[in-house]
Amino acid sequence: MTLTSPGPTVGVVGGGQLGRMLGEAAAPLGLELLVTDPTPDCPATPVVRDQIVGDFDEEATLRELAERADYLTFEIELADPDVLERVAEETGTPVHPAPETLRTIQDKLVQKRRLSDAGVPVPEFRAVDTADDLREACEELGYPAMLKARTGGYDGRGNIRVEGSDDVEDAVDEIAGPAMVEEMVDFERELAVMGCRGADERDTFPVTETIHREEILRESVAPARASRAVRERARDVAHDVLDVMDGRGMFGIELFETTDGEILLNEIAPRPHNSGHWTIEGCHTSQFEQHLRAVTGKPLGSTDQRFPTVSTNILGDVTERQPAELRGEDSVLGTPRAHLHWYGKREVYGLRKMGHVTLTDDDRDGLLADARELRDGLTFE
């Protein structure tokens with residue numbers, strides 16, 4: 001990559017909040033971003049060069065993206081790996097992470113099998129096609145168990161907790177397609193590691209504690225409130241995961257710390273991830289800058305943490321879909337070392353991710369409580 005004006009172009013499949021933050025990180029690197037998204041005037045448009053309106057798996061759309069870009073990447077797993085691979089080969093535009101990685105990630109059962117075969121510790125799991133399959137699996141794994149749609153789930157969607165045998169039929173009907181079931185992990189806390197594969201190097205950001213409610217990420221605390229031994233083990237598992245992945249870029253690696261101090265892999269996202277948003281203010285290099293460095297083959301930046309950091313998600317608190325109008329933001333903007341990130345979505349509905357607030361301090365004590373207070377002062381009502 002040679003810097004020019006205008007700069008080299010990175011084509012991104014997806015123009016949501018991740019595309020928006022990639023655009024914000026691209027400008028200082030001298031990069032131009034071009035996004036494709038089916039929603040006209042998507043959240044990324046104010047900070048990128050252009051948007052191609054089209055579906056994530058539409059060949060004509062992805063071909064135009066490849067023809068207009070020097071590099072391809074994606075910020076959503078709904079991109080079609082077969083189409084990406086084909087247009088990349090025919091246009092000579094490299095795509096990272098590799099389409100093979102996307103194929104693996106899109107199917108949770110394939111993902112778990114590949115990681116398990118590579119020796120990465122994962123919860124016990126079984127394939128499920130019928131109610132009888134689920135009953136048989138739960139007899140081995142025990143109740144409660146977690147039934148997951150193999151494809152398409154996010155933010156808790158496609159995940160159903162199966163409390164007992166009476167729930168089996170309804171759970172299978174609700175998934176309505178290929179599924180897998182996992183043992184219910186008795187965990188102390190959930191962790192995440194943002195890992196990155198570069199051209200000739202790899203690195204990980206500090207281990208983060210992630211706090212979920214209703215299976216939606218609410219807060220990220222960095223560094224994680226876990227022992228040094230647990231954090232080192234989480235980092236080791238993350239490096240093992242990176243060994244299995246193909247191509248360059250960021251990988252959001254979600255983990256469980258069990259009650260006996262072991263680390264189990266939950267899921268992987270081959271892109272920047274919500275649990276890494278805190279790196280924008282908290283580290284010398286953000287996950288978004290790091291992803292762009294990796295995709296374009298440049299040296300990776302420093303992942304060292306600058307100070308303790310908490311990030312809290314701003315979620316829709318309304319009962320019906322309505323135009324998005326945030327209130328209370330002055331309290332965040334008036335707080336030293338607090339940072340507001342607005343995703344530019346035009347409509348809000350219950351639990352939709354609309355932005356996040358990051359708070360930094362030299363002392364981690366009290367930081368989470370202060371960040372929650374700032375977040376709770378924001379409303380769309």
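Residues numbered from 1 in each chain as written. Predicted model: local features only at pLDDT ≥ 70, side-chain atom pairs only at ≥ 80, totals over all residues. Heavy atoms only, no water.

Caption draft 1: The overall build of the protein chain, seen in detail. Along the protein chain, the regular secondary structure elements total twelve helices and 19 strands. Against the compact-globule benchmark of 21 Å for 381 residues, the protein chain has a radius of gyration of 20 Å, which places it among compact chains. Across its three principal directions, the C-alpha atoms of the protein chain cover 65 × 50 × 45 Å. Counting across all 381 residues of the protein chain, residues that qualify as buried make up 56%. (Helix = DSSP H or I, 4+ residues; strand = E, 2+ residues; numbered from the N terminus. Rg over C-alpha atoms; globule rule 2.2 N^0.38 Å. Buried < 20%, exposed > 50% of the residue type's maximum accessible area, 1.4 Å probe, protein only.)

Caption draft 2: Highlighting the sheet that holds strand β6 (residues 145-149). The strand order across the open sheet built from four strands is β5-β8-β6-β7, with neighbouring strands paired in antiparallel fashion. Of all strands in the sheet, those with a lone pairing partner are β5 (125-128) and β7 (159-162), marking the two edges. Here the average twist between neighbouring strands, direction ignored, is 25°. Bridge count for β6 against strand β8 (residues 179-183) is five bridges, and the pairing is antiparallel. Across the sheet, residue L147 finds its bridge partner in β8, namely V181. (Pairing = 2+ DSSP bridges. Axes fitted to C-alpha atoms, helices over the stretch in contact; angles between N-to-C directions.)

Caption draft 3: Broad picture of the packing of helix α3 (residues 81-91) against helix α4 (residues 99-106). Interaxial distance between α3 and α4 falls to 9 Å at its minimum, and their mutual angle equals 175°. Taken together, the axes of α3 and α4 lie roughly antiparallel to each other. Here P81, D82, L84 and E85 of α3 come into contact with α4, specifically with P99, L102, R103 and Q106. Its residues placed into classes, the contact of α3 with α4 shows four nonpolar, one polar and three charged. (Parallel < 35°, antiparallel > 145°, perpendicular 65-115°, else oblique. Contact = heavy atoms within 4.5 Å. Nonpolar A, V, L, I, M, F, W, Y, C, P; charged D, E, K, R; others polar.)

Caption draft 4: Up close: the packing of helix α2 (residues 59-68) against α3. Taken N-terminus to C-terminus, the directions of α2 and α3 make an angle of 40°; their axes are 9 Å apart at the nearest point. Of the possible angle classes, the one that applies to α2 and α3 is oblique. α2 and α3 meet at a crossing whose hand is right-handed. Where α2 abuts α3, its residues E59, L62, R63, A66 and E67 lie against V83, L84, R86, V87, E90 and T91. (Left-handed = near helix turned anticlockwise from the far one by under 90°.)

Caption draft 5: Broad picture of the state of the cysteines. Going through the model one piece at a time under the given rule, you end up with zero disulfides. Just so you know, C196 is unpaired, no disulfide at all, and the nearest cysteine sulfur is the one on C283, 13 Å from it. C283 gets classed as buried once you look at its relative accessible area, which sits at 2%. (Disulfide = S-S within 2.5 Å.)

Caption draft 6: Spotlight on the pairing of strand β19 (residues 353-360). In terms of burial, β19 is a largely internal element, eight of the eight residues being buried. In terms of strand pairing, strand β15 (residues 309-315) meets β19 through seven bridges, oriented antiparallel. Residue pairing for β19: L315 is matched across the bridge by K353. Bridging between strand β17 (residues 338-342) and β19 involves five bridges; their strand directions are antiparallel. Along β19, the bridge assignment pairs H341 with H356.

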